[in-house]
Each structure stands twice: as C-alpha cells, then as structure tokens.
Amino acid sequence: MSRIYTLSRPSRRSSGIDYRGALNDEQYEAVTSPPGPCLVIAGAGSGKTRTLTYRVAWLIDQGLLPSRILLLTFTNKAAREMLERVSSLVPQDLTSLWGGTFHHVGHRILRTHPREAGLEQGFTILDRDDAQEVLTSLYSRLEINAKDKRFPRPSVALEIISYSENTNRAITELCEKEFSFLAEFVEPLIRIQSQYRQRKYEINAVDYDDLLTLPLKILKQNPLLAERYQFQFQAILVDEFQDTNAVQSQFIDYLAAHHRHLMVVGDDAQSIYSWRGARFENILSFPERYPDARIFRIRTNYRSVPEILSLANMSIAANTRQFPKELRAVKPSGNMPVLVPAADPHQQANFVCQRIIELQNEGYNLSEMAVLYRAHSHAIELQLELTKRNIPFVITSGIQFFQQAHVKDLAAHLRIAINPADEIAFLRVASLVPGIGATTAQKLFSTLKTGKSWHLANPPKKSATVWVRLATLISQLRQETSVKLKPAPAAIAQDSTTQVELPPEEMINVILETYYCDVLQLRYDNASQRLEDLRQLRDYSRQFASTSEFLAQLTLLTGVELARPSNAPADADTLRLTTVHQAKGLEWKIVFLIHLADGLFPLARSTQECDSLEEERRLFYVAVTRAQDQLYLTYPIIRLSRGQFSLDPIQRKSRFIEEIPHHLMEQWQIEPPRPDWSNTTAAPHSLNSTTSAIKSPPKQYLEDHCSDPAPNYDEPF
DNA sequence: TATGAACACGTTTTT
DNA sequence: CGTGTTCATA
C-alpha cells in the first residue's frame, strides 16, 4: 500500500507549493496525511474545497499519476471548479484524471462495457420525463389503473422506484414504512418495477439510477473487470460525503477495496438530500467500515463574520440527530444578521430590491449578493420587481434547458440515429409528423422493430410526404449506404454493427437544415428563436467525439450550465437568485434569505415528521452559512392567495427564526407607505400601496434601528 | 387525430 | 385562479 508513492519520483515536476503556508494546521494535517482511509469532517466555510484540491495537488506532487486518481463530486460545477483549481496549482495535465459526478463516472464505466450490463452500444440515458413516459406506456399496457383512480400516477411510482433503487430497499418495505399511503398497491408497484426494468433493456436505455446501480452490478459480477478499476484508482476522493446514498457508498467502497486509499469529505450538518436517498449516517459508519480510518475535523470558518456564525450554530444546535460541532470564526466582528418582516411578498421583494440598490451605492457589486429561497416559486414576485427596476439577475432555474420541447425533439432524432431500439424517442419524432399520433406511431414502431426499412413502412396517406423526408433523414444520419457511398474498408464492412458514425455536429446540422427547421416553423410561433438555440447547441456539440457522449452530457448537465452562453455575458455584474439546494457550496458577501414563513420554510409537509424537519433545519443552516458579511432574513406576513382560498393567508415567521435568541438578530421594520403617495382607494395591503413604496427614498423606507418593537403580527386573531 | 369542454388539483429540493 | 389532465366528440 505504501508503495504507491514510489511509482515515479516527484522531483522534476513538483509544483513548489508551500503547503505549510497555504493551509492551516487542521487542513495541513488532512492534506498531507499518508495513504489510507480517512474521513474529513469539514464545517461550512472551513475550506473544504481548498483541502480537497490541495490534497489532489499533494498526491500528484507525491508522484501519483492523474489518471490514477478518482475525484467524485455531486455536481458538475463542483467537479469543474476543483479541477480548475488543481490545474492552477500543479504543472501536470489533468485531462486524464477521473473527476466528475457519480453519474458521470458511472456512465463512463457503463459506456466502456455496455455488453456486460446487457446493453448495446449507443444506449440512451432517460431523463425523468422519458422515464415517466416509459412508465405511462407500461400503465396502459398493464391496464392496472383503468379502474382505480387512486392508483399512484407514473410520476409517483417513479419516485418510489427510484428511491427503492437508491436505497437498496424493496418496495414492500418502503410501502410499510415511509410510503404507507401506498400499502394497498404494493403488489402492482412491484410488478411495475420489474416491468420497468425489463422495458429499459428492450429499448436499450438506462435511467439516472442505473448509471450507479449497473456499474456496481457489473463490477461485482466480473471480478476481473472490477480488479482493473480497483487497481487503477490508487487514490479516491469524495466530496459532499454526507449526501451519498447506499448505492454510492457501496460503489466507493468497492472501488477502493484494493488500495484502500480513500478520502471522504463531508459535513453532516449540511446533509440536505435525504429525499433522494442520501444518508448522512454514511459519515458515522465510515469509521466502522474502516476501523483504521484517520479522522480530521476542520472547524475554523473563514467565510462568515462571528455574528452570522453564532446564528448558524444556534440554529443547528436544535437538531438532535447530529454530531455536535461549533464553527469557530476568525473574521473580525461585523454586522448583525437582520430580520425584516414584510407585509406581503411584494413588499418583501420591494425591500430586497431597495436594499440591493443601497448596497450597490455603498460599493458592493451585484455579483457579491444573492437571494436564496426554499422553492423556485418563492421567487416570482422578486423576479418581477427586479425586472421592473432593471436590476440584472441570473436565476438558476428549475427548468432545464434540456426539457424544452425543441431541445428534446432534436435529441430524440439523435437518439434514434444511434439507438434504433429507443421507442420513446421514436414516438416523439414520429408524432411530429402531421397526421401521425400516438397510436399510429406505436404501430409504425412495431413494424420497424422487425427490421423493416423506414421507407417501406406505410404511414397514413396524408403523412406520406413528410414521412419520406424523415425516413431519408434517418438513413442519412445512420450512414445507411443506399444513397452514396465510398466502399467501406473490408474490416469494417464485415462487421455490420460497426458503422462509421457521423460526428454529432454534422448530425445536428443535417437534422436542422434538411428537416427539423420546417417542423419548427409549423409548430412554434417563436421558431427562429428556437432554431437559434439549436444552432448554439450544434456549436456546443463540436467538442464531443461521439453523439452518445454529447447526448449523455446533455442529460447529465443541468440546464444552468448549458444555458450560460445564451444568457447575459459572463462578465456582466448580475445578481444571483437561487434555491438553497443549488446554493450549496457557494458563498456571497451578502445573502438575502426570503420567504421565511412557517409552512414555506420549513415547508408545511416537512413539519410533521421529525426527520424531515431536521433536514429543513439543515437546509436553513446551509442557507445562512452562505453569507460572508451580511445576512438578511425576510418573511411576508400574508401570502398572496393564488387560489388556495381555503388556506389561512396569514403566516407566522419561520420556527427557525423563533428558535434563535432575539439578541442574535437586529430587527428592521419596513415603513408603511405614506397615504398621500398611494391611490386614495388603495387598501393597506393592496398592490397599489406597495407599488408606491418603491418610490420612497431609501433612508425613509428603512428604519435602521431595532429599538422600536416590531408590530406583533403573530397573533392576528 | 385533433379539438374543446369539463374537471381535478394546488408546485420542494436534483443527477 | 390558473394550469394541466381527462374525456367526449367531429
């Protein structure tokens, strides 16, 4: 085990990093620890990423080849940032380093050995929508829910199945416990699960979960293959370990089985993904699985002022299921966190905008500020207000670029080209032909499945012309040789499955220019906009060697990352709006946390169970620890009823705020709008009155002292 | 197959 | 109240 450092000499290409000077004692210990299992508990803002990146640099400095390092992260962003930072530290080329999300790494293994997993080359990755479609088609085939309206919808069933896969727990067990409301449907759900599995093989496709479970499975079934990877990865590093689920944890353990050189980094207080199977208990059980593990704790917080940290520490202390630890501040004393009650979401948005402008005048950039919230829907009013005031912002939206119809259409064409079994993609593409609907498309597919040429299938008469165009397009994409050909080299000609594949860029070009642009014109009013999107996508595809790589990237990358080029220029000064989940790992000088009303944050559904309430509290903890200098906590007292008239529109402030001692916050009060500025008829809480508040000058708008008792909105009745 | 009317339902969080 | 889904009909 100790041998790995002697593989090559660190002498010539050493980075010359002064590790002692660049790291504090706690970090230094972890970074320079000898090979072997080790657990790093790193609190928020304690330089977790720094520790990991320096560790990678250290390993490389010790002579480890980048190709023999595996760095697992949860988001693409984290992977990219870490690799960039390592790159800037060491002279070596890092392209051979295996760094990426679990899904990417799983995909890479699967793509290398598809046969072992029962897949064909060119297999499709189903995103959530695709998976749901597969289930829907199963439903109609099984005629399960023809009668019973209460039978879980495909989306719900998918959630259970996914949870079952990720936690390694049987549906039966899940329905007994967490999903007791589904107890009566256990039998059919189990059947659906197995049918779903089988169906995915039939259409040569995998879903997100398979990207983890299948690689693990084929490694376990092929010891020789497993050894290859177990030997290859001389060092494995895992970021955000508290968010790993059962499968991921096994995956890591399995890959690390030979060298046992594994560093996992995490913070149980920041575990916020249990809803998709993450268990922060993985941290707790790590020393049990690796009795010789070294444990490091990094508690010094460089990010936030002590006032913010006190609030964070105090809040998380309310959790019972945790490993207590306090963050130590090193920053000098700064501003107190500010609590701001607002009358309603509009006033709240108003306040945020107003304050942002003031801070800008004080010299802060927009890019140094962020607005965080629990759910995307909480940001609507703010978006309106920001737009109205011309404050540029980027929103890490829940809507994925990939989920837009035209992008999915394009992807579907590509999928058919490389995976003829992809029924989901076929149905989508065929239904774009006028005159062909779900049933006809289904029929067409079953004739094509027998190996028949597209040209010989017989669609309805009125669809014939377009169908011929489509058929021609597909054979062009597949390089079917009927049209034009250079004689293929003998070696290739023998194996009919080995086709010389068109690069993705050319495929897209053909699809767009000869066929799909017409479809766009017919179906969408903003066709040119969408065509422009797709042309950009074509340019983006240039960097991928194969279409399957490109498609995988499209499915595994979040919309945010893909949408960047089409958004405002990257160097523009913009405000960031984001959910707390997506904010994890990021930091800003100034953070606004809005909609802190009980029922919204924590969400009403989470307040029933103790576990989920604690997770909400960890989410709150993550949110407040994003702030470096200033933290604003706001909540609206009434909710603008969007239809839910049965619900009480009056809201309490979040229990997470109640839990925090008063003296840890400063309370600001928004001045009610002056009567002579508002419409005479306007009610106190109406839109009109809040609109008038926009015009109020900043200093009158806000009252900066907490000496005035806040109006007591807590007992409205 | 495509359309409109009736009807239910009410928004987590993401690879 | 607005959106998405289902059902009946041309």
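One structure accompanies this document, and this report is about it. None of the values given here were measured: they were computed from a predicted structure.

**Quick notes on the overall build of chain A**
Across its full length, chain A carries 30 helices and 19 strands. For chain A, the residues scored as buried account for 53% of the 717 residues in total. Within chain A, residue pairs in contact and separated by at least 24 positions form 78% of the contacts whose partners lie at least 6 positions apart. Of the accessible surface of chain A, which amounts to about 32,700 Å², a share of 52% is contributed by carbon and sulfur atoms.

**Thoughts on the packing of helix α18 (residues 423-431) against helix α19 (residues 438-449)**
Running from amino to carboxyl end, α18 crosses α19 at an angle of 125°, the nearest separation of the two axes being 9 Å. Regarding the angle of α18 to α19, the classification is oblique. Regarding α18 and α19, the two cross each other, and that crossing is right-handed. Of α19, the residues touching α18 (which contributes Glu423, Phe426, Leu427, Ala430 and Ser431) are Ala441, Gln442, Leu444, Phe445 and Leu448. Looking at the contact of α18 with α19, its residues break down into seven nonpolar, two polar and one charged.

**A short note on the side chain of His107**
Take His107: it is sitting in helix α5 (residues 102-112). Ignoring anything within four residues of it in the chain, the contact list for His107 reads Phe123, Ile125, Leu211, Glu549, Ala552 and Leu556.

**Considerations on the sheet that holds strand β14 (residues 575-579)**
Strand order across the open sheet formed by seven strands is β13-β14-β12-β15-β16-β11-β17, with parallel pairing between neighbours. Both edges of this open sheet fall to β13 (393-395) and β17 (666-667), since each of them pairs with a single strand only. With two bridges joining them, strand β11 (residues 338-342) and β17 adopt parallel strand pairing. Looking at the pairing, Val338 lines up with Glu666 of β17.

**Some details on the nonpolar core**
Residues Phe426, Trp454, Trp467, Leu470, Leu477, Tyr516 and Leu534 are the most contacted members of the largest nonpolar core, which totals 48 residues. Tallying contributions element by element places helix α22 (residues 504-523) first for this core, with ten residues. Leave out the neighbours within four places in its chain, and Leu477 touches His413, Ala417, Leu502, Met507, Val510 and Ile511.

**Some details on the packing of aromatic side chains**
With the rule as written, the count across this model stands at 24 aromatic pairs. For the ring pair Phe620 and Phe656, a centre distance of 5.5 Å and an interplane angle of 40° mean the geometry is tilted. Pair noted here: Phe620 is in helix α27 (residues 610-624) and Phe656 is in helix α28 (residues 655-658), with a separation of 36 residues, a long-range link. According to the relative accessible area criterion, Phe620 is buried, its value standing at 0%. Grouping aromatic residues by their ring pairs yields a cluster made of Phe351, Phe592, Tyr632 and Trp668. In this structure, Arg20 packs its charged tip against the face of Tyr28, placed 4.3 Å from the ring centre.

**A word on the sheet that holds strand β6 (residues 235-238)**
If you trace the six strands from one edge of the open sheet to the other, you get β3-β2-β6-β7-β1-β8, paired in parallel fashion. Of all the strands in the sheet, just β3 (98-101) and β8 (294-298) have a single pairing partner and so form its edges. The mean angle between the axes of side-by-side strands here comes to 15°, regardless of whether they run parallel or antiparallel. As judged from the five bridges shared by strand β1 (residues 38-42) and β8, these two strands associate in the parallel manner. The partner of Val40 across the bridge, within β8, is Phe296. Along the sheet face, helix α13 (residues 281-289) touches β1, β7 (262-266) and β8 and points at about 150° away from the line of β1.

**Comments concerning unusual backbone geometry**
Residue Pro602 is reached from Phe601 by a cis peptide bond, and omega for that bond is 5°. With respect to the helices, strands and loops of the structure, Pro602 is situated in the loop between β15 (588-593) and α27. Despite not being glycine, Asn168 shows a phi value in the positive range, around 60°. Positionally, Asn168 belongs in the loop between α7 (154-167) and α8 (171-176). A positive phi angle, near 65°, is found at Asn390, a position not held by glycine. Among the structural elements, Asn390 can be located in the loop between α16 (380-388) and β13.

**Points about the pairing of strand β2 (residues 69-73)**
In terms of burial, β2 is a largely internal element, five of the five residues being buried. Of the two faces of β2, both are covered, the one formed by Ile69, Leu71 and Thr73 as well as the one formed by Leu70 and Leu72. As paired elements, β2 and β6 share four bridges and run parallel to each other. Along β6, the bridge assignment pairs Leu72 with Val238. Bridging between β2 and β3 involves four bridges; their strand directions are parallel. What sits directly across from Leu70, in β3, is Trp98. Taken together, β2, helix α4 (residues 76-89) and β3 constitute a β-α-β crossover, and its handedness is right-handed.

Each value, and the rule that gives it
Residues numbered from 1 in each chain as written. Chains lettered and ligands numbered in written order. Predicted model: local features only at pLDDT ≥ 70, side-chain atom pairs only at ≥ 80, totals over all residues. Heavy atoms only, no water. Helix = DSSP H or I, 4+ residues; strand = E, 2+ residues; numbered from the N terminus. Buried < 20%, exposed > 50% of the residue type's maximum accessible area, 1.4 Å probe, protein only. Contact = heavy atoms within 4.5 Å. Areas by Shrake-Rupley, 256 points an atom, 1.4 Å probe, with all protein chains shown as cover. Axes fitted to C-alpha atoms, helices over the stretch in contact; angles between N-to-C directions. Parallel < 35°, antiparallel > 145°, perpendicular 65-115°, else oblique. Left-handed = near helix turned anticlockwise from the far one by under 90°. Nonpolar A, V, L, I, M, F, W, Y, C, P; charged D, E, K, R; others polar. Pairing = 2+ DSSP bridges. Core = buried A, V, L, I, M, F, W, Y, C linked by side-chain atoms within 4.5 Å. Phe/Tyr/Trp six-rings, centres within 6.5 Å; stacked < 30°, edge-to-face > 60°. Lys NZ or Arg CZ within 6 Å of the ring centre and 35° of its normal. Right-handed = clockwise from strand over helix to strand, strands pointing away.

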